[in-house]
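These are the residues of each chain, in order.
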Amino acid sequence: TTNKFATKLTNYCLEEIFKYLKDDKTTLFSCILINRSWSELAIPILWSRPFENPMYGNNINIFWTYISC
């Protein structure tokens, strides 16, 4: 019989994968939708450099949105 826990990735493995994907924001956004565990590990990486995200275009708009909230 196979061990059902052998198919799970450990948090350490996921952290390493997400660190490798730190410049691929689209993939990280997809990862946060998988489950709570993935979300908790990927969101700090997404927010580690919030003003360097090319998906948002003009970074000054993000700054003013952040300040106004």
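Let us look at the structure shown here. Model, not experiment: these values are computed from the prediction. (Residues numbered from 1 in each chain as written. Predicted model: local features only at pLDDT ≥ 70, side-chain atom pairs only at ≥ 80, totals over all residues. Heavy atoms only, no water.)

## Details of the overall build of the protein chain
Put simply, the rule reads: Helix numbers and strand numbers start at the N terminus; a helix is a DSSP run of H or I with at least 4 residues, a strand a run of E with at least 2. Each residue is placed in one exposure class: buried if its accessible area under a 1.4 Å probe, protein chains only, is under 20% of its type's maximum, exposed if it is over 50%, and partly exposed if it falls in between. Residue contacts follow a heavy-atom distance rule, with two residues in contact if any of their heavy atoms lie within 4.5 Å. The protein chains shown are the only cover counted for residues, whose accessible areas, like all others here, come from Shrake-Rupley with a 1.4 Å probe.
Counting its regular elements, the protein chain contains four helices and zero strands. Tracing the protein chain from N to C terminus, the helices and strands come up as α-α-α-α. Buried residues in the protein chain amount to 19% of all 69 residues. Residue pairs in contact within the protein chain that sit at least 24 positions apart in sequence constitute 40% of those at least 6 positions apart. About 5700 Å² of surface is accessible on the protein chain, with carbon and sulfur atoms providing 61% of the total.

## Describing the side chain of Ser 39
For Ser 39, the location among the structural elements is in helix 3 (residues 36–46). Ignoring anything within four residues of it in the chain, the contact list for Ser 39 reads Cys 31, Ile 32 and Pro 44.

## Concerning the packing of aromatic side chains
This is how it is decided: Between the rings of Phe, Tyr and Trp (Trp by its six-membered ring), a pair exists once the centres lie within 6.5 Å; its type follows the angle of the planes, with under 30 degrees stacked, over 60 edge-to-face, and the other angles tilted.
Scanning all chains against the criterion turns up one aromatic pair. Seen from their ring centres, Phe 18 and Trp 38 are 5.7 Å apart, and the 70 degrees between their planes marks the pair as edge-to-face. Here Trp 38 lies in helix 3 and Phe 18 lies in helix 1 (residues 11–20), a separation of 20 residues in the sequence.

Keep in mind that these numbers describe shape and distance, not what the molecule does.
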